Amino acid sequence: MPTSPAQLAHSAMASPVSQSLPGSGGKKKLIYDQDHRGPLSTDTVATLMLLQADNIDLLGVCTVTCDMWAKQETAYALRLLELMGRPEVPVFMGAQEPLINTKAEAQMRYRMFGARTLGNEGYLGSFAKDAGNRDEVEPLPAPYTRFAQIKAQPEPAADFIIRTIRANPHEVTMYCGGPMTNLALAAMLAPDIVPLTKEVIFMGGGIHHSTSSVNVYFDAEAAKIGFRAGWPKFTLVTTDLAEQVHLADDAKVDYIVNHAHAPIADLFREFEQKPQRANPQRRSFRMPDEMMAAHAIEPSIFTGSDEMYIDIVTHNDGHYGDTSFWDGKPSGQGEGASSLGQNNPSLKAGRVEVLNGLDKKRFRELFVDLMTRPINRSQA
Amino acid sequence: MTTTRREFIKTVSAAIASSQISPTAMGAPTLEPGVFPAQSGGRRKVICDQDNSGPFGTDILGTLMMLQADNIDVLGMTLVTGDAWLKQEMAFTLRLLELMGRTDIPVYYGAEFPMLNTKEEWLLRLQLYGGHRADPWLGAFNRNNGGPQDVQPLPPPYDHFADIDAQHDHAVRFIVKTVRENPGQVTVYAGGPLTNVALAIALAPDIVSLVPEVVVMGTGFHAFTNTFNMFFDPEAARKVLRAPWPKLSIVPVDIAEEIHEGDEFAPGRRMIEEIATRAQSPISDLFQRYAIEPLRHDPNLNFFRMADEMIAAQVIDPAVFRKSEPMYVDICTTPGPRYGDSMFWPQNGQQRPETGAPPVSSADRRVFVDPSQFYMGPPPSAGLVNVLQEIDHDRFKKLFVDLMTKPIRKTRSKI
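Residues numbered from 1 in each chain as written. Chains lettered and ligands numbered in written order. Predicted model: local features only at pLDDT ≥ 70, side-chain atom pairs only at ≥ 80, totals over all residues.

**Student:** Could you give an account of the overall build of chain B, with specific residues and numbers?
**Tutor:** For chain B, the helix and strand inventory stands at 13 helices and 11 strands. Taking all 415 residues of chain B together, 46% fall into the buried category. (Helix = DSSP H or I, 4+ residues; strand = E, 2+ residues; numbered from the N terminus. Buried ≥ 20, exposed ≤ 12 C-beta atoms within 10 Å, placed from the backbone.)

**Student:** Lay out the overall build of chain A in plain terms, naming residues and giving numbers.
**Tutor:** Counting its secondary structure elements, chain A contains 13 helices and 9 strands. For chain A, the proportion of its 380 residues judged to be buried stands at 52%. Put simply, 81% of the contacts in chain A that link residues at least 6 apart link residues at least 24 apart. (Contact = placed C-beta atoms within 7 Å.)

**Student:** Describe the nonpolar core, and please don't skip the residues or the numbers.
**Tutor:** Residues A:Leu50, A:Ile161, A:Leu185, B:Met66, B:Tyr189, B:Leu199 and B:Ala200 are the most contacted members of the largest nonpolar core, which totals 231 residues. What B:Tyr189 contacts, discounting residues up to four positions off in sequence, is B:Val46, B:Ile47, B:Cys48, B:Asp49, B:Met66, B:Val215, B:Ile311, B:Ala312 and B:Val315. (Core = buried A, V, L, I, M, F, W, Y, C linked by C-beta atoms within 7 Å.)

**Student:** Kindly report on the interface of chain B and chain A, identifying the contributing residues and their values.
**Tutor:** A common measure of how large an interface is: the accessible area buried when the components associate. In this assembly, 34 residues from chain B lie in contact with 39 residues from chain A. Residue assignment for the side of chain B that touches chain A shows that the elements contributing at least two residues are helix H1 (3–19), helix H4 (119–129), helix H6 (195–203) and helix H8 (234–242) of chain B. Residues belonging to the side of chain B that touches chain A are distributed by class as follows: 18 nonpolar, 10 polar and 6 charged. (Nonpolar A, V, L, I, M, F, W, Y, C, P; charged D, E, K, R; others polar.)

**Student:** So what's going on with the sheet that holds strand E1 (residues 28–34) of chain A? Which residues, and what values?
**Tutor:** Residue and element names in this part refer to chain A. Ordered by their spatial adjacency, 9 strands build an open sheet running E3-E2-E1-E4-E5-E6-E9-E7-E8, and the pairing between neighbours is mixed. Each of the sheet's edge strands pairs with one partner strand only, and the pair in question is strand E3 (91–93) and strand E8 (323–327). Here the strands of the sheet are splayed against their neighbours by 30 degrees on average, with no regard to which way each runs. Bridge count between E1 and strand E2 (residues 56–63): 7 bridges; the pairing is parallel. Bridged to Ile31 within E2 is Gly60. Contacts from helix H2 (residues 42–52) reach E1 and E2 within the one sheet, and its direction differs from that of E1 by about 165 degrees. (Pairing = 2+ DSSP bridges. Axes fitted to C-alpha atoms, helices over the stretch in contact; angles between N-to-C directions.)

**Student:** Lay out the pairing of E1(A) with the relevant residues and their values.
**Tutor:** Residue and element names in this part refer to chain A. In terms of burial, E1 is a largely internal element, 7 of the 7 residues being buried. Because side chains alternate across E1, one face comprises the buried residues Lys28, Leu30, Tyr32 and Gln34, and the other comprises Lys29, Ile31 and Asp33, equally buried. Bridge count between E1 and strand E4 (residues 172–176): 5 bridges; the pairing is parallel. Its bridge partner lying in E4, Tyr32 is registered against Tyr175.

**Student:** Which residues make up the pairing of strand E11 (residues 383–391) of chain B, and what values do they have?
**Tutor:** All names here are of chain B. Counting buried positions over the 9 residues of E11 gives 7, a clear majority of the element. Where strand E9 (residues 321–331) meets E11, 8 bridges bridge the pair, whose relative direction is antiparallel. Along E11, the bridge assignment pairs Val329 with Gly383.

**Student:** Which residues make up the sheet that holds E11(B), and what values do they have?
**Tutor:** Residues and elements named next belong to chain B. Read from one edge of the open sheet, 9 strands run E3-E2-E1-E4-E5-E6-E11-E9-E10, paired in mixed fashion. Each edge of the open sheet carries a strand with a single partner, namely strand E3 (107–109) and strand E10 (342–346). When strand polarity is set aside, the average angle formed by the axes of neighbouring strands in this sheet is 30 degrees. The strands touched by helix H5 (residues 171–181) within the sheet are strand E1 (44–50), strand E2 (72–79), E3 and strand E4 (186–190), with E2 carrying the most contacts at an inclination of about 150 degrees.

**Student:** I'd like a description of the environment of B:Ala382, backed by residues and values.
**Tutor:** All names here are of chain B. The topology assignment puts Ala382 in the loop between E10 and E11. Here Ala382 falls in the buried class, since 20 other C-beta atoms lie within 10 Å of it. When the C-alpha atoms of Ala382 and Met327 are compared, they prove to be 9.6 Å apart, with 55 residues separating the residues in sequence. When neighbours within four sequence positions are excluded, Ala382 is seen to be in contact with Arg242, Tyr328, Val329, Asp330 and Trp345.

**Student:** Go over the packing of helix H10 (residues 271–278) of chain B against helix H11 (residues 283–297) of chain B, please, and point to the residues and values.
**Tutor:** Residue and element names in this part refer to chain B. At a minimum axis separation of 7 Å, H10 and H11 run at an interaxial angle of 140 degrees. Taken together, the axis directions place H10 and H11 in an arrangement best described as oblique. Along this stretch, H10 crosses H11, giving a crossing that reads as left-handed. On H11, the residues that touch Ile272, Glu273, Ile275 and Ala276 of H10 are Ile283, Ser284, Phe287, Gln288, Ala291 and Ile292. (Parallel < 35°, antiparallel > 145°, perpendicular 65-115°, else oblique. Left-handed = near helix turned anticlockwise from the far one by under 90°.)

**Student:** Tell me what's going on with helix H2 (residues 58–68) of chain B, and back it up with residues and numbers.
**Tutor:** Of all 11 residues in H2(B), 11 are buried; the element is thus mostly enclosed. Listed as buried for H2(B) are B:Thr58, B:Asp59, B:Ile60, B:Leu61, B:Gly62, B:Thr63, B:Leu64, B:Met65, B:Met66, B:Leu67 and B:Gln68.

**Student:** Run through H11(B), naming residues and quoting values.
**Tutor:** Residues and elements named next belong to chain B. With 15 residues, H11 extends 21 Å between its outermost C-alpha atoms, agreeing within 8% with the 21 Å of an ideal straight helix rising 1.5 Å per residue. Bending of H11 peaks at approximately 30 degrees at the position of Arg289. Listed in full, the buried residues belonging to H11 are Ile283, Leu286, Phe287, Tyr290 and Ala291. (Expected span 1.5 Å × (residues − 1). Bend = angle between axes of the 7 residues up to and from the residue.)

**Student:** Can you explain unusual backbone geometry? Please cite residues and give values.
**Tutor:** Following A:Gly38, the chain continues to A:Pro39 via a peptide bond in cis, the omega torsion being -5 degrees. Inspection of the secondary structure puts A:Pro39 in the loop between E1 and H2. Between B:Pro156 and the following residue, B:Pro157, the backbone shows a cis peptide bond with an omega angle of 0 degrees. With respect to the element layout, B:Pro157 can be found in the loop between H4 and H5.

**Student:** Describe the environment of B:Ser281, listing the residues and the values that go with them.
**Tutor:** Following the sequence through the fold, B:Ser281 ends up in the loop between H10 and H11. In the structure, B:Ser281 is positioned 124 residues away from B:Pro157 in sequence and 9.2 Å away in space, judged by C-alpha atoms.

**Student:** Can you break down the packing of helix H10 (residues 252–259) of chain A against helix H13 (residues 360–372) of chain A residue by residue, with the values?
**Tutor:** Residue and element names in this part refer to chain A. Look at H10 against H13: their axes get within 9 Å of each other, and the N-to-C directions meet at 25 degrees. On the basis of the axis angle, H10 is roughly parallel to H13. Considering the relative orientation of H10 and H13, their crossing is right-handed. Residue-level inspection shows Lys252, Tyr255, Ile256 and His259 of H10 in contact with H13, the latter providing Arg364, Phe367, Val368, Met371 and Thr372. Taken together, the residues of the contact of H10 with H13 sort by class into 5 nonpolar, 2 polar and 2 charged.

**Student:** I'd like a description of the confidence of the model for chain B, backed by residues and values.
**Tutor:** All names here are of chain B. Of the residues in chain B, 83% reach a pLDDT of 70 or more, and the chain-wide mean stands at 87. Predicted confidence is poor over residues 11–40, with pLDDT under 50, and the contacts of this stretch with residues over four places away or in other chains come to 56 contacts. Under a pLDDT of 50 for its full length, residues 351–367 has, in the predicted model, 19 contacts with residues more than four places off or in other chains. Predicted as a complex, the structure gets a pTM of 0.86 and an ipTM equal to 0.83. (pLDDT = per-residue confidence, 0-100.)

**Student:** Which residues make up the confidence of the model for chain A, and what are the values?
**Tutor:** A residue-level look at chain A finds 88% of positions with pLDDT of 70 or above and a mean pLDDT of 89. Confidence drops under pLDDT 50 across residues 1–23 of chain A; counting only partners more than four residues distant or on other chains, this segment forms 36 contacts.

Take a look at the structure:
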């Protein structure tokens, strides 16, 4: 369980970017834990990347409420797997609500302390004022067209995570593209999985663009548990990095619509190209989850990382869910805090590798290649 | 949004619910609040979720009451770190069940740590904000306590570790599975921090409507508001107290403080003397060694309040409580000086709680402005719970002494 920062500081954090060790059949075993927003979003596009990559063994898809309610996300995830010819990938519905946070409080905090608007981070997903309720599942638009015939597994996502990591010690990468509710539950129910996990990749938090992002402030308690747990390796994509590339930059969308196969071409045409043409001022979203997927598929695209400590504010006020960062390697010189003889992180802060740069050209090449190559259907 | 569309969505939702998502997650029967369903053989099925800290004390005595009551069917015990570390509690619990001849009751390991709270941060908070004066107890996190792996040998009459073992399944999965298999029938006795119960409802929110009653020890109005079971794991407490259970009954410290283990049963005769004299082994041994002997060394000994004994009474014989009131409750989870503090609001929003000795007499409570000018209700998401407010002292003491002194109720007979 929680290791002290001092102990963690001495643990080996060898290379700035991880080398993808081959799992079974040379593939990287990965659990995809995500607030899977449909019909097309950074969540969905990252799913497409992982499904299209040859070197990823997708052990299962877990959903968690955030961008949408978990039931709606699950409906999208199941049907997307059908459309992509991958019905054998099991889907597990995870937490339908954050550990502690509620919509009423999130709304009240915004009224009292102001919404988070710096860096346009006020988004509340399924806790937005006009969002529907937990059990409503809306019909899926074309090209989804209808609900899937395949069904979600009866097991909760947290149990699947525990079982899978125990069965594949030191081999499973946790891709956490939503709030860490499922991961935190798994770590609390089975602390033994923490040292058995190969790597956690998470999208959220920020230093310059904003002090937080929805994956953190939607369930701040889960984020605090997740960051503090002491995973062997925790890789973070911050909003600062994600903001460097947007989906519509460099004519990616038009190229994909023209060259991709169904259903990818249809998704990009309907939900990126058409809105973009209807509103040329539209700013497409940054690519946070795509970057996480890129890190899982081809980590060498990232040019560097900073070793840092992170902790989360869980005070029930305007700072709920803020991220705090500390340098993992204080320079020991200059006039900063280190000259005070004190540069310690919070008592239980978690150790993370914060990706700090990427080769945009290679990222674009990988992304476009994955989107336009033939659909990677299952062999069966 | 038109009605037609909303209805369409509902229909589709129902279709999805029945086809795609876990069947256990919905469509389950729900209970009317306050309805206690008839049970096979007239016994109330109970899961005892407890920080069962030995060798003696309110945790153990509450457990003994549950084991001794004829109308209670203990389906299992689930342990949680609180007054002691989980593994030490397990050692005491298994051996206690052996001594009581109740090795048929399965025992499960639960959460070894609170959700977010840590010992190191707690000790720093106490230094930064000042310590708890009214109840300084930190349980497993007491300054000089060992770590979670530190299991001490068991003193007499436990003498040695049990031959029986804990179950392999996790406490949380046992709770979820048992409640689903017995919808509307399993009462949850929660005598410790609420970590296990919180994890169970986070993992399986559908069980909330299937539990006829959760009985919780903790919170307070006047004696003090920051109580151990709540501030050991405030996030778990907040989650459990907010969940829409058909019924959640809570024993605040104010009532628990009204009766202490060393109190008199009849004039000149203490409950502990009555029990030590009349009870069978091992109950008589426990009282002799851990109540009568300490009292002999220190006649002014302060015995502990009867906290978990009272939640046991609420499960075994709820008529012991003469008054209760539905109130809103919430637990502060902001990690400041009030981390874990309990707050109450009357259901109608305008009254003050009446439990215990009020700090100001009713006569002094001058209403000098129109209360309708103020918002006095609960915060959003606060839970509505059944707060036990008045206890029949004689009936409670009789129940306690009777249960402790009746013949040991060995192995549960299946009906």
